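# Summary of structural features
For reference, the chains in residue letters:
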Amino acid sequence: MAESQDLQLRLSLERLYKDDQGRPIPTVLDILPDGEHIYEPDEPPGAQLGENLRRMFLERGLDFFDQDAEQRRKNKQSDDDPDAEPQSTEAAPQSTDPLNVESVSPEDLLNMRLEIIPQLHIALGEMTLAKDVLSLYIASTAPPNLPSASTATTTSVPALPNDILSSSSVATPPSIPSVQSFNARLVTGGKDEALRKASDLFKSAANAVERSHDVGARYWIDALKIRRGNWGLIPAPLPSGAPTGRGADRTTRDFMVSFGLSESSPAFRQRATGQLATHGFKEPIVFPRRQRTILRISLRSADPSGVARTTCNKLPAIAEDHDPVHAILLEAQREVLEQEIFSLLIRDASALPTSSVRVSERLLVVEATQETELRFELVDRDTFGTNEPGSDLASQAKCDLIYDLLRLLLLREHSHRKSARIGASAVPHPRSHADAVLSPAGPTPPNAAILQPVMDLLQYESFCVRVRAEMNNIVQILRHAGVPIKFRFDAVGDESTEVLQSLAGDGNGRIGGAAVVRIDNSRTLRFTFSSPSSLTAHLSQATLSISSIIQLAQLLRDETEQCLLQRICDMGNELSEQVNGTWLVDLPLSRAVGKWEGCALTFTIACEEDLQCSVSQLIRVHGREETVTKTLSLGQSVPMFSWIRQVIEESLVVQ
């Protein structure tokens, strides 16, 4: 059924009227021999409409518009049926040509013309030549007794000479001098072609020999420079498949350069090898295992406005040296060292006690503090990137400090490995670390890591910021109240050499500082702290270890209130000495009480967001007690102790 439907499907094929650009395609009427196309002239729409109307009236009749629907239907059926008799009385003209002539396209007509006309011309020339030759031959051989032939000869064709068909020799005319000179040059050049090819061969061979000599000389010069720079220079191994049996030539000219550290792991020592280039290399040294990745350290933290900012360390500058070989080796050595540092960071990341860590193949993210994220990443030098224009310079300096510190910690790690390898166990190393592969018998100390000192520094920096902010809050409160106070804060109390020795040497790996607060030139509060978050308060009566910021804030408030209350008692004793006044400090209630005959004063001090001071005055006059309460207003410009002195003096006057 489907095949019958496909066979019955009819497609109307119409020629194209427009090209790909939408322009109408003209109708070709003829193509001339020179290839020029003759197109059908364009008729205006009015002329076409008139011709169509004329044909319509001729074919359908003059009464076409007056016919009804039935007549039009019958006319249409008669037109569609070829066997139906025509309605008109006039007989249709019959064709008198018995041949069924088909139309020929202009292209086919042009091809036929181009093919036939040259052949016709050739045939015409041959017939004309044959006719002339035949006429000459007949005229030359006809007998003289034939009058018709003689008449024809004398009248139409002239007589041929006797030597018309004889052989003749033709000499080539001599060429002009310029052509002779040109031909001589061609001959000479053809003979010299072999000489030129031979000279080119010798020239290329000489260039190859000179180039090989230059490469060899540069090879040995680079080898001497590397040796003079104290780089490791060792013979390269024989290529694969080279004979190694007895009597075989096992010498080699190639050198290998080893630029890794002696105490690195075997994998990194093997990676830190290069080979002097011989032929076909632009650089003097080839690094078969070079990864071309460097370490990028970035800190992500929030600025005071709450916007997250990311700052990274500066791109290590490429060593500028007059010797390019030395500069290339330094750059390759830096890459290998940073890759080794990254591997040790990943090793130590699992041992961090309090930080969350995310580890991938080339990325290590550590949450250093509550608002700071530390990232270590191996990136290509081309994609290292730079800091934003408005980035924090302090954060960038911290990233640079971490980068330099990691290199020092790596050297310390190698020093401990060497000590463990040569058996220097008698030397105490509190922060030493022995590699498990190099000394499997000795356990690894818990603090021997290169990531933990970095985390301690960042946590210590955050801890110092919070402690300083809390102390500075109390200092500002007292200064606003007019209380004399001195404040000094040293986050790092040691010298640079001592700090460096503690971090990267054989010290305990900790740094510390101190802060001193002196209130009213009478009481001194001294605090000492060490990394990562250890704080100790040295008071006059005791030494306390502080474990939280809340405890520190409470201690500062208590000591400040106690100092101020004691200062009020001293001032009261001085002013009420004549009336035998008695003053004391009530520590549980944080108040100072002064009494004398007929009057009692109670001062209360509270250090919250601001210093609040109030006094309650009890006066007995004529057997009647009156209580008056006064509070120091924050808007007053009078210092607190001046206001307290004024209140005590007024109470003495009333008495």
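See above for the structure.
Residues numbered from 1 in each chain as written. Predicted model: local features only at pLDDT ≥ 70, side-chain atom pairs only at ≥ 80, totals over all residues. Heavy atoms only, no water.

### With respect to the overall build of the protein chain
- The number of helices and strands found in the protein chain is 13 helices and 21 strands.
- A burial count over the protein chain gives 30% of its 655 residues as buried.
- Accessible surface, the protein chain: about 43900 Å² in total, of which carbon and sulfur atoms supply 55%. (Helix = DSSP H or I, 4+ residues; strand = E, 2+ residues; numbered from the N terminus. Buried < 20%, exposed > 50% of the residue type's maximum accessible area, 1.4 Å probe, protein only. Areas by Shrake-Rupley, 256 points an atom, 1.4 Å probe, with all protein chains shown as cover.)

### Quick notes on the sheet that holds strand S14 (residues 523–530)
- Pairing in this open sheet of 5 strands is antiparallel, and the strands run S12-S13-S14-S15-S16 from one edge to the other. Strands at the two margins of the open sheet, each flanked by one partner only, are strand S12 (485–490) and strand S16 (543–546). Averaged over all pairs of adjacent strands, the angle between their axes in this sheet comes to 15°, without regard to strand direction.
- Bridge analysis of strand S15 (residues 534–538) against S16 gives 4 bridges, and the strand direction is antiparallel. Within the sheet, the bridge partner assigned to Ala537 lies in S16 and is Leu544.
- Here helix H12 (residues 549–575) sits on the sheet in contact with strand S13 (512–519), S14, S15 and S16, set at roughly 165° to S14. (Pairing = 2+ DSSP bridges. Axes fitted to C-alpha atoms, helices over the stretch in contact; angles between N-to-C directions. Contact = heavy atoms within 4.5 Å.)

### Side note on the pattern of salt bridges
- Tallied over the entire structure, the rule returns 15 salt bridges.
- Here Arg358 and Glu373 are joined by a salt bridge, their closest N and O atoms 3.6 Å apart. Taken as a pair, Arg358 in strand S9 (residues 357–359) and Glu373 in strand S11 (residues 372–380) lie far apart in primary sequence, 15 residues in all.
- Look at Glu373 and you get buried, because its relative accessible area is 19%.
- Beyond isolated ion pairs, a larger network of salt bridges with shared partners links Arg347, Asp348, Glu413 and Arg417. (Salt bridge = Lys/Arg side-chain N within 4 Å of Asp/Glu carboxyl O.)

### Things to note about the packing of aromatic side chains
- What the rule picks out here adds up to 8 aromatic pairs.
- On the basis of an interplanar angle of 50° and a centroid distance of 6.5 Å, the ring pair of Tyr460 and Phe529 is categorised as tilted. You can see Tyr460 sitting in helix H10 (residues 451–480) and its partner Phe529 sitting in strand S14, a full 69 residues away along the chain.
- Relative accessible area serves as the criterion here: at 3%, Tyr460 is assigned to the buried category.
- Residue Phe529 is classed as buried on the basis of its relative accessible area of 4%.
- Aromatic side chains Phe487 and Phe489 sit 6.4 Å apart centroid to centroid with 40° between the ring planes, which places their arrangement in the tilted category.
- Overall, Phe487 belongs to the partly exposed group, its relative accessible area being 21%.
- Connected via pairs of aromatic rings, a cluster forms that spans Tyr460, Phe463, Phe487, Phe489 and Phe529. (Phe/Tyr/Trp six-rings, centres within 6.5 Å; stacked < 30°, edge-to-face > 60°.)

### Topic: the nonpolar core
- Formed by 84 residues in total, the largest nonpolar core has its most connected members in Leu374, Phe376, Phe527, Phe603 and Ile644.
- If you tally residues by element for this core, the top one is H10, at 14 residues.
- Ala223, Ile226, Ile285 and Val325 belong to the second-largest nonpolar core, a separate cluster that totals 18 residues. (Core = buried A, V, L, I, M, F, W, Y, C linked by side-chain atoms within 4.5 Å.)

### A word on the packing of H10 against H12
- The contact between H10 and H12 brings their axes to 10 Å, and the two run at 25°. Classed by the angle they form, the pair H10 and H12 counts as roughly parallel. Read as a crossing pair, H10 and H12 show a hand that is right-handed. Counting all contacts with H10, which are made through Arg466, Val467, Glu470, Met471, Ile474 and Leu478, the residues of H12 involved are Ile549, Leu552, Ala553, Leu556, Arg557, Thr560 and Leu564.
- Tallied by class, the residues present in the contact of H10 with H12 amount to 9 nonpolar, 1 polar and 3 charged. (Parallel < 35°, antiparallel > 145°, perpendicular 65-115°, else oblique. Left-handed = near helix turned anticlockwise from the far one by under 90°. Nonpolar A, V, L, I, M, F, W, Y, C, P; charged D, E, K, R; others polar.)

### Some words on the side chain of Asp400
- Residue placement: Asp400 occurs in helix H9 (residues 393–421).
- Not counting residues up to four positions away in its chain, the partners in contact with Asp400 are Asn313 and Lys314.

### Looking at the sheet that holds strand S5 (residues 273–276)
- Pairing is antiparallel in the open sheet, where 4 strands are placed in the order S3-S4-S5-S6. Pairing within the sheet leaves two strands with one partner each, and these edge strands are strand S3 (232–235) and strand S6 (285–286).
- Alignment of S5 against S6, held across 2 bridges, turns out to be antiparallel. Of the residues in S6, the one forming a bridge with Leu276 is Ile285.

### Regarding H9
- Its 29 residues place the ends of H9 42 Å apart at the C-alpha level, agreeing with the 42 Å of an ideal helix rising 1.5 Å per residue.
- The first or second residue beyond H9 is Gly423, which carries a positive phi of 85°. (Expected span 1.5 Å × (residues − 1).)

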